[in-house]
Amino acid sequence: MSEEDGFRDKLVSVKQAWAKAGRLLTGAPDEARSQRLPPGQRLVTNWPVLDLGVQPAIARDAWRLKVDGAVVNPIEWDWEAFSAQPPFEDVSDIHCVTQWSRFDNRWNGVSTQHLLSVVQPLPGATHLVLHGADGYTTNMTLENFAGEDCLLAHSHDGVPLSREHGGPVRLVIPQWYFWKSAKWLVRIEVRSSDAPGFWEVRGYHNEGDPWAEQRYS
Ligand SMILES: Nc1nc2c(c(=O)[nH]1)N[C@H]1C(S)=C(S)[C@@H](COP(=O)(O)O)O[C@H]1N2
Ligand SMILES: [Mo]
């Protein structure tokens, strides 16, 4: 086993054990929604990096995004095609399940609503699986993916997304804990059934509402 694999296995087993123990659950979701900072979270001003120990290096020129499955128009965009889509900007807060939140992140990219208008999900489509170039996956409903603050982001606070934060393009789903926001996004699989992703099969909640503390299942 390489050093990298060993690190990754250890990290995964620690997080999995927390999930099993229901750690970090602090309750009190009812009054929570009026607060900007969700229960059990603390505010940070830096930007922590979380991944599986692998940070794929993908040049913009080599990057491709495939959207397939239950859609009328499957697509494969290269950087040029992605850049030709209507620009979208949104400011939102990040809430990570490991208890840090970061306010006022300015994201630029392509809105998920625009993407859906291009690919046109079939009538039976209900869920998606997002795939990162590192093999990471995460799942959500079409409805959540289409949230008004959701986008495929290429820049953060005016700067192209760094490799460690998921560049060239990552997903941003601000209404859910940040594990749903897949980095190094390369494939979006539109489905007519749910299929839990990497953390979702390891004890994380299938959804991930920070105000309801949907941390672990
Ligand atoms: N492809 C990929 N996306 C991923 C992850 C990952 O390991 N691989 N980790 C998730 C988790 S658990 C978190 S908290 C956020 C962290 O994003 P950041 O490193 O930019 O803060 O990315 C999410 N997206
Ligand atoms: Mo996370």
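Residues numbered from 1 in each chain as written. Chains lettered and ligands numbered in written order. Predicted model: local features only at pLDDT ≥ 70, side-chain atom pairs only at ≥ 80, totals over all residues. Heavy atoms only, no water.

1. Side note on the pattern of salt bridges
Now for step 1: Taken as a whole and assessed by the stated rule, the structure comprises eleven salt bridges.
Now for step 2: Two residues, Lys183 and Asp51, come together in a salt bridge whose shortest N-O distance is 3.8 Å. Highlighted residues: Lys183 in the loop between β10 (170-172) and β11 (185-191) and Asp51 in the loop between β1 (42-43) and β2 (64-69), separated in sequence by 132 residues.
Now for step 3: Its relative accessible area of 9% is what places Lys183 among the buried residues. (Salt bridge = Lys/Arg side-chain N within 4 Å of Asp/Glu carboxyl O. Helix = DSSP H or I, 4+ residues; strand = E, 2+ residues; numbered from the N terminus. Buried < 20%, exposed > 50% of the residue type's maximum accessible area, 1.4 Å probe, protein only.)

2. Description of the sheet that holds strand β7 (residues 137-141)
Now for step 1: The mixed open sheet is built from five strands, whose spatial order is β3-β2-β11-β6-β7. Every other strand in the sheet has two partners, leaving β3 (75-78) and β7 as the edge strands with one partner each. Pairs of neighbouring strands in the sheet enclose a mean axial angle of 15°, with direction left out of account.
Now for step 2: The pairing of β2 with β3 spans four bridges and is classified as antiparallel. Bridge assignment links Leu65 to a residue of β3, and that residue is Trp77.
Now for step 3: Against the sheet, helix α3 (residues 112-119) engages β2, β3 and β11, with an angle of about 130° to β3. (Pairing = 2+ DSSP bridges. Axes fitted to C-alpha atoms, helices over the stretch in contact; angles between N-to-C directions. Contact = heavy atoms within 4.5 Å.)

3. What to know about empty space enclosed by the protein
Now for step 1: Summed over the entire model, instances satisfying the criterion amount to one cavity of 30 Å³ or more.
Now for step 2: In this model, the largest cavity occupies a volume close to 330 Å³.
Now for step 3: What lines the largest cavity is a set of 23 residues, among which Leu50, Asp51, Phe178, Trp179 and Lys183 lie closest to the centre.
Now for step 4: Classifying every residue of the lining of the largest cavity by side-chain character gives 15 nonpolar, three polar and five charged. (1 Å grid on protein atoms, 1.4 Å probe; cavity = no way out; pocket = protein on both sides within 12 Å on 5 of 7 lines; lining within 4 Å. Points joined across faces, edges and corners; volume = space filled by probe spheres on them. Nonpolar A, V, L, I, M, F, W, Y, C, P; charged D, E, K, R; others polar.)

4. Focus on the packing of aromatic side chains
Now for step 1: Following the criterion strictly, the structure yields twelve aromatic pairs and no others.
Now for step 2: Ring geometry for Trp63 versus Phe82: centroids 5.3 Å apart, planes at 70°, classification edge-to-face. Note that Trp63 is positioned in the loop between β1 and β2 and Phe82 in helix α2 (residues 79-83), a separation of 19 residues in sequence.
Now for step 3: Seen from their ring centres, Trp179 and Tyr204 are 4.8 Å apart, and the 80° between their planes marks the pair as edge-to-face. Taken together, the positions of Trp179 in the loop between β10 and β11 and Tyr204 in the segment after β11 put the pair 25 residues apart, joining distant regions of the chain. Across the pair, Tyr204 and Trp179 agree in class, each one buried.
Now for step 4: Across the ring face of Phe103, the terminal group of Arg36 is positioned such that the distance to the ring centre comes to 4.0 Å.
Now for step 5: The ring of Phe198 carries Arg202 above its face, with NZ or CZ at 3.8 Å from the centroid. (Phe/Tyr/Trp six-rings, centres within 6.5 Å; stacked < 30°, edge-to-face > 60°. Lys NZ or Arg CZ within 6 Å of the ring centre and 35° of its normal.)

5. Quick word on the site of ligand 1
Now for step 1: Residues in close proximity to ligand 1 total 21 residues, the closest being Pro48, Asp134, His165, Arg170 and Lys183.
Now for step 2: Measuring from an oxygen atom of ligand 1, one finds a backbone N or O atom of Leu50 at 2.9 Å.
Now for step 3: If ligand 1 stood free it would expose 530 Å²; the protein chains cover 99% of that surface.
Now for step 4: Among the residues making up the shell around ligand 1, the classes are represented as 13 nonpolar, three polar and five charged. (Near = heavy atom within 4 Å. Polar contact = N/O pair within 3.5 Å; in protein donor to acceptor, adjacent residues only side chain to side chain. Areas by Shrake-Rupley, 256 points an atom, 1.4 Å probe, with all protein chains shown as cover.)

6. Considerations on the pairing of strand β4 (residues 88-95)
Now for step 1: By the bridge criterion, seven bridges tie β4 to strand β5 (residues 100-111) in an arrangement that is antiparallel. When the sheet's bridge partners are listed, Ser92 is paired in β5 with Asn105.
Now for step 2: With antiparallel pairing between neighbouring strands as the criterion, β4 and β5 make up a hairpin whose turn holds four residues, including Gln99 at a positive phi of roughly 90°.

7. Some remarks on the nonpolar core
Note that soluble globular proteins tend to have their nonpolar side chains buried in a common cluster.
Now for step 1: Leu130, Phe145, Leu152 and Ile188 are the most contacted members of the largest nonpolar core, which has 29 residues in total.
Now for step 2: Those elements that provide at least two residues to this core are β2, β3, α2, α3, β6 (127-132), α4 (142-145) and β11.
Now for step 3: Those residues within four positions of Phe145 in sequence are excluded, and the remaining contacts are Thr112, Leu115, Leu116, Leu128, Leu130, Met140, Cys150, Leu152, Leu171, Ile173 and Ile188. (Core = buried A, V, L, I, M, F, W, Y, C linked by side-chain atoms within 4.5 Å.)

8. A short note on the environment of Ile188
Now for step 1: Looking at the secondary structure, you find Ile188 in strand β11.
Now for step 2: For Ile188, a relative accessible area of 0% gives the class buried.
Now for step 3: In contact with Ile188, not counting residues within four places along its chain, are Leu65, Lys66, Val67, Asp68, Leu115, Leu128, Val129, Leu130, Phe145 and Leu152.

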